[in-house]
Amino acid sequence: MTTQAQKLRDLFASGEHFIAADAYSALTARIVEKVGFKAAYLGGHACSAFHYAVPDNGVFSQVEQLEQASRIAAAIDIPLIADADTLGETIADAFHFARRYARSGVAGIHVEDEINPKHSTYAAPLASIADMQARLEATVKGRGDSGLVIIARCDELYTQARRGGGGGSLDEAIKRGKAYIEAGADALVFPMASPEQTAELGKALSKPIVVLGLPIPGTACTLHTGWGWLGAAKLHLERATELMQTGKVTADLNLEGKNALIEQDLYDELISDWAERTGRETRA
């Protein structure tokens, strides 16, 4: 049987750009799979905001992220990439959580170099290259022979002006990229890199380049998040407000294909067969 990690490796090896689409729950991952995406993506902000109502600045733990990621991975046949933040605070954490991700059915993770608390009023710096290499090496060791795809996330181009931890130097981003590859990264992602910077990174680095946001020509994969969970939260707010103000929800609440998405027929058949074989009463 082909593992999910191998499926993801095959996608990278195909040379064709693919989108890992926003999937913040098992049901939304099923939807992503149903419409034809080849991979799904659980972002840190999507998970922390939607499931725990906290911001993405290192507040929620890898235990909580793993809980959701494993549920999603079990519900789909396409590979799932999960945002693993820094994989904890120490290289021991990185080893431990990489091993847990490898055993969870998740196909790939990205590990970042910004120090927590990130994306906050604190001007968080990036980890030193040596520290990030040690973290990646521990991650590689932790995945064992599972094939878990390790994507190194470098935030050098995610600058302080945007509440990131980087200085904005393309040369530094390339230097870090080479060091992360040396430490065992299978691919690299550089948030906030422009198309021009991404092209230069692709020329300088020997591993696939992944982007966050809109697809950029010449890259291997796009991690496309935000539209799903934000759209769901906005819709919930609108309908809750309508219900509060008017006492009813007027929108069409039918979901086409709902039974297939939750495998209703499969479970109905299992229960019906059990009831008939054991002489229990069944409904029409």
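This text follows the structure it describes.
Each chain carries its own residue numbering, running from 1 in the direction its sequence is written. For a predicted model such as this one, the threshold for reporting local features is a pLDDT of at least 70, and the threshold for listing and counting side-chain atom pairs is 80 or more; totals across whole chains, interfaces and linings nevertheless cover every residue. Excluding hydrogens and water, the side-chain values take into account all heavy atoms of the structure.

Visitor: Whenever I open this one, the packing of helix H7 (residues 170–182) against helix H8 (residues 195–204) confuses me. Can you help?
Guide: Any two packed helices are characterised by the angle at which their axes cross and by the distance between the axes. One can describe the packing of H7 onto H8 by two numbers: an axis separation of 10 Å at closest approach and a directional angle of 35 degrees. Between H7 and H8 the crossing geometry is right-handed. Touching Leu-170, Ala-173, Ile-174 and Lys-178 of H7 are Gln-197, Glu-200, Leu-201 and Ala-204, all from H8. Classifying every residue of the contact of H7 with H8 by side-chain character gives 5 nonpolar, 1 polar and 2 charged. Axis definition: a line fit to C-alpha positions, over the contact stretch in the case of helices; interaxial angles, taken between N-to-C directions, run 0 to 180 degrees. Secondary structure elements are taken from DSSP: a helix is a run of H or I of four residues or more, a strand is a run of E of two residues or more, and numbering for both begins at the N terminus. If you view the pair so one helix is near and one far, a crossing is left-handed when the near helix is turned anticlockwise from the far one by less than a right angle, and right-handed when it is turned clockwise. Whether two residues are in contact is decided by their heavy atoms: any pair within 4.5 Å suffices. Ten residue types, Ala, Val, Leu, Ile, Met, Phe, Trp, Tyr, Cys and Pro, are classed as nonpolar, four, Asp, Glu, Lys and Arg, as charged, and the remainder, Gly among them, as polar.

Visitor: What is the right way to read the packing of helix H3 (residues 44–52) against helix H4 (residues 62–75) from this model?
Guide: Between H3 and H4, the shortest axis-to-axis distance is 11 Å and the interhelical angle comes to 90 degrees. It follows from the interaxial angle that H3 and H4 lie roughly perpendicular. From H3, Gly-44, Cys-47, His-51 and Tyr-52 reach across to H4, where they touch Glu-64, Gln-65, Glu-67 and Gln-68. Should an angle fall under 35 degrees it is called roughly parallel, over 145 degrees roughly antiparallel, and 65 to 115 degrees roughly perpendicular, with every other angle called oblique.

Visitor: Even after reading the chapter, I still don't get the nonpolar core, so can you show me in this structure?
Guide: A general feature of soluble globular proteins is that nonpolar side chains tend to end up buried together. The definition of a nonpolar core used throughout is a set of buried Ala, Val, Leu, Ile, Met, Phe, Trp, Tyr and Cys residues joined through side-chain atoms within 4.5 Å. Each residue is placed in one exposure class: buried if its accessible area under a 1.4 Å probe, protein chains only, is under 20% of its type's maximum, exposed if it is over 50%, and partly exposed if it falls in between. In terms of nonpolar packing, the biggest core is built from 50 residues, with Leu-80, Leu-87, Tyr-101, Ile-109, Tyr-180 and Phe-190 touching the most fellow members. Looking at this core element by element, the count peaks at 5 residues for H7. Leu-87 has contacts with Gln-62, Asp-93, Ala-94, Phe-97, Ala-98, Tyr-101, Ile-109, Val-111, Arg-135 and Thr-139, leaving out every residue within four places of it along the chain. With 17 residues, the next largest nonpolar core counts Leu-8, Leu-11, Ala-220 and Leu-223 among its residues.

Visitor: Could you clarify how one ought to interpret the side chain of Gln-65 in this entry?
Guide: Residue position: Gln-65 is located in helix H4. A residue is classified by how much of its surface remains accessible, and Gln-65, at 0% relative accessible area, is buried. In this structure the side chain of Gln-65 is engaged in a polar contact, spanning 2.7 Å, whose partner is the backbone oxygen of Asp-83. Those residues in contact with Gln-65 that sit more than four places away from it in its chain are Leu-42, Gly-43, Gly-44, Cys-47, Phe-60, Asp-83 and Tyr-101. Under the rule applied, a polar contact is a pair of N or O atoms within 3.5 Å (in protein, one hydrogen donor and one hydrogen acceptor; residues adjacent in sequence only if both atoms are side-chain atoms).

Visitor: Looking at this model, I keep getting lost on the side chain of His-110. Mind explaining?
Guide: By the element assignment, His-110 lies in strand E4 (residues 108–112). Residue classification places His-110 among the buried residues on the basis of a relative accessible area of 0%.

Visitor: I keep staring at the packing of aromatic side chains and nothing clicks. Help me out?
Guide: Paired rings are identified among Phe, Tyr and Trp, the last through its six-membered ring, by centres lying within 6.5 Å, and are further divided according to the angle between planes into stacked (under 30 degrees), edge-to-face (over 60) and tilted (the rest). Under the defined criterion, the tally for this structure stands at 3 aromatic pairs. Here the aromatic rings of Phe-12 and Phe-18 are separated by 5.3 Å at their centres, their planes lie at 75 degrees, and the arrangement is edge-to-face. On the basis of relative accessible area, Phe-18 is assigned to the buried category, the value being 4%.

Visitor: Looking at this structure, how should I read H3?
Guide: At 3.6 residues per turn, the α-helix brings residues three or four places apart onto the same side. Those residues of H3 lying buried are Gly-44, Ala-46, Cys-47 and Ser-48. Elements in contact with the buried residues of H3: strand E1 (18–22), strand E2 (39–42), H4, strand E3 (80–83) and helix H9 (227–246). With its phi angle positive at about 55 degrees, Ala-53 sits one or two positions after the end of H3.

Visitor: Can you help me understand the sheet that holds strand E6 (residues 187–189) in this one?
Guide: Strand pairing within a sheet occurs via backbone hydrogen bonds; the two strands may be parallel or antiparallel. Strand order in the closed barrel made by the 8 strands is E1-E2-E3-E4-E5-E6-E7-E8, with parallel pairing throughout. Adjacent strand axes in the sheet meet at a mean angle of 25 degrees, parallel and antiparallel pairs treated alike. In this structure, E1 lies alongside strand E8 (residues 221–224), joined through 4 bridges in parallel fashion. Paired with Ala-21 across the bridge in E8 is His-224. In this analysis, strands are considered paired if DSSP registers two or more bridges between them.

Visitor: Hey, could you run me through the pattern of salt bridges in this one?
Guide: Between side chains of opposite charge, pairing is possible as soon as their charged atoms come close. The salt bridge criterion pairs a side-chain nitrogen of Lys or Arg with a carboxyl oxygen of Asp or Glu, the two atoms within 4 Å. Following the criterion strictly, the structure yields 14 salt bridges and no others. Of the charged contacts in the structure, one is a salt bridge between Arg-9 and Asp-186, with a shortest N-O distance of 3.2 Å. Taken as a pair, Arg-9 in helix H1 (residues 4–14) and Asp-186 in the loop between H7 and E6 lie far apart in primary sequence, 177 residues in all. The exposure class assigned to Asp-186 is buried, which follows from its relative accessible area of 16%. As a salt-bridge pair, Asp-56 and Lys-118 come within 3.1 Å of each other at their nearest N and O atoms. Residue Asp-56 is located in the loop between H3 and H4, and its partner Lys-118 is located in the loop between E4 and helix H6 (129–143); the two are separated by 62 residues in the primary sequence. A single burial state applies to Asp-56 and to Lys-118, both of which are buried. Among the ionic contacts, a cluster of salt bridges with common partners joins Asp-56, Asp-85, Glu-112, Lys-118, Arg-153 and Asp-155.

These figures come from the coordinates and say nothing about function on their own.
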